[in-house]
Amino acid sequence: MGFKESIRACAKRSTHHFIGLGFWQAWQMVMLCTSAIIPDGGEGSRLKSIALFATTAGYLVVIAAYKIRPRLSSSPRALLGAGAAMAAGTFLMLFVAFISDAGLKFVALVFALALMSWGNAALLIMWGELWETLATGRVGQHLYLSYAFAFVLFFIAIALPHPIGGLFACLFPLASCLILKSCASEPRRRPTSAPLRLEDVPFKQLIAFIVLLSTLWGVSQKITPQFVTPPSSPFFLAESMFVAGVAIAALAANLALTSPESESIALYEPIAPAMALGIVALAILPEQWAPIGNGLLTMGVYCLDMFLMLTATDLAFRTGISAALIFGGTVVASRIGTTVGTFFASFVLGNELDDIAKLTLAVISLGVIVAASTLLFSKADLMKIYEARDARSASSAGENPTSTVSKTGKTPATVSIYQNESASGAAVLAMPLTIEAQCTIVVDRAGLTAREAEVLELLVRGRTVQDICDELTIAKGTAKHHVSNIYRKLGVGDRRSLYDVVESARE
């Protein structure tokens, strides 16, 4: 398949889920960052803080209810109900400020928050259930494109007069819900052949990493306006969002062009640099350039969101634990961190900091980012989530894996016969399986396509992506896409783990 053929093949694949999450994310941005739904000012600020707390509680409710319905997305009623509840709550919230009766206003506010919170949490968890099983190696691209599209919707919403912008945002949950429903026929990956136990991966470090950086984000959003004169500049938010949107669009384009084998690493790498650069820009650049610093911070925390969406759902797939628990738990950790940071900045740091205090806070923040990304949860820790541990466990236990696959992908010149203990304890002769036989087992278990099966065997034999292009006469982007799909269907993140999966294959 040549370049033109690969482009046509990509065009034939469904692309609607590329932007589906963007409607959900745009709703978050409009609800919590603008006056389109909740007005600015003293009461509006309090309402936004309450809304942040309520949406966090919504995730806890959905997580607690997972035993009743382990997979929300399996129910069309639950899916449509989540979108309708979110839209209805948003619509009601638009007009709460116009209710004069105090008692009725309180009831309407509670009802609106309850609808929005449950619908928001349920809809995101159902997107997570899709990503957990989606059999494409381009989930990271879907996330980046969705977030880039969210910025387009955001700017449209804030450009519209009140309450039209808010009414426009009421449609976002319904659009996201309908797109998610249309993804029901997308190909799904089969249960992993390289299962993990949650205690075997640095899950606690991942949660701590998310909480720490989210807390820093919460602090920054209360402190950053002090870098602008006047602090309530109406253009500051729009300029910051423009910087963040352009940066995320650039990352989306880079991810599409490079097609990395491991998207999880590609999503992890920009987080710390973007947040660190944002803090440095705020600390040293003139105040008229403050939107650049805040935009980079925003980009960094959105990259953190996308990273946890991909990694947490992959972890749910690898462990067999419900996405509502793993993915929902990481989202709650992120929201708790943001809430703690916001309240800490409001009630401990105060509303005004002098230049020395701002510089000290910037230095401390940089230290936190460096420590979080190197000591707490590094790239090496991330790859432990994608390791195949069964073959290594067998090796460390002194067993003889029946394999002819080496870590270099070479086939031994001779094949030995050795003794292996059967379940009854009798000694039997066992012949190591060939590479072809082991690859066939993996292909059948993971549901790989015929072309992916060819690519798998070449990968196991030590071929590079360029070698695969030459041998199969396909474009480099197509080869990378096949490799990414294979990694995703097997639940691994690198060649070494791929070799382990094939090496441990048994009839």
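Description of the structure in this document. (Residues numbered from 1 in each chain as written. Predicted model: local features only at pLDDT ≥ 70, side-chain atom pairs only at ≥ 80, totals over all residues. Heavy atoms only, no water.)

Section: the pattern of salt bridges
So, point 1. Evaluated as defined, the whole model comprises eleven salt bridges.
So, point 2. Asp314 is paired through a salt bridge with Arg189; the nearest N and O atoms lie 2.8 Å apart. Of this pair, Asp314 sits in helix α12 (residues 290–319) while Arg189 sits in the loop between α7 (164–182) and α8 (203–223), and the two are 125 residues apart along the sequence.
So, point 3. A relative accessible area of 6% means that Arg189 is categorised as buried. (Salt bridge = Lys/Arg side-chain N within 4 Å of Asp/Glu carboxyl O. Helix = DSSP H or I, 4+ residues; strand = E, 2+ residues; numbered from the N terminus. Buried < 20%, exposed > 50% of the residue type's maximum accessible area, 1.4 Å probe, protein only.)

A short note on the environment of Ala380
So, point 1. You can see Ala380 is positioned in helix α15 (residues 379–384).
So, point 2. Each C-alpha atom of the pair Ala380 and Ile265 lies 9.8 Å from the other, and the pair is 115 residues apart in sequence.

Points about a nonpolar patch on the surface
So, point 1. On the surface, a cluster of nonpolar side chains totalling about 400 Å² of accessible area is made up of Phe91, Phe95, Phe98 and Leu167.
So, point 2. Note that Phe95 resides in helix α4 (residues 76–96). (Patch = residues over 30% accessible without salt bridge, like charges linked within 9 Å, V, L, I, M, F, W, Y side chains within 5 Å. Areas by Shrake-Rupley, 256 points an atom, 1.4 Å probe, with all protein chains shown as cover.)

A few points about α12
So, point 1. Given a rise of 1.5 Å per residue, 30 residues ought to cover 44 Å, and the 43 Å separating the end C-alpha atoms of α12 matches this to within 8%.
So, point 2. Of all 30 residues in α12, 29 are buried, a share of seventy percent or more. (Expected span 1.5 Å × (residues − 1).)

A look at the packing of aromatic side chains
So, point 1. Tallying each qualifying case throughout the model produces 16 aromatic pairs.
So, point 2. Consider the rings of Trp131 and Phe327, whose centres lie 6.1 Å apart with planes at 75°: the pair is edge-to-face. Linking Trp131 in helix α5 (residues 102–133) with Phe327 in helix α13 (residues 323–349), this pair joins segments that are 196 residues apart in sequence.
So, point 3. Judged by relative accessible area, which is 3%, Trp131 ranks as buried.
So, point 4. Overall, Phe327 belongs to the buried group, its relative accessible area being 0%.
So, point 5. A centroid spacing of 6.5 Å and a plane angle of 85° characterise the contact between Phe209 and Phe307, whose relative ring orientation is edge-to-face. Here the residue Phe209 occupies a position in helix α8, and Phe307 occupies one in helix α12, the gap between them amounting to 98 residues. The same class applies to Phe209 and to Phe307, which are both buried.
So, point 6. One aromatic cluster in this structure is built from Phe23, Phe149, Phe168 and Phe172.
So, point 7. Over the ring of Phe317 we find Arg189, and its NZ or CZ is 3.7 Å from the ring centre. (Phe/Tyr/Trp six-rings, centres within 6.5 Å; stacked < 30°, edge-to-face > 60°. Lys NZ or Arg CZ within 6 Å of the ring centre and 35° of its normal.)

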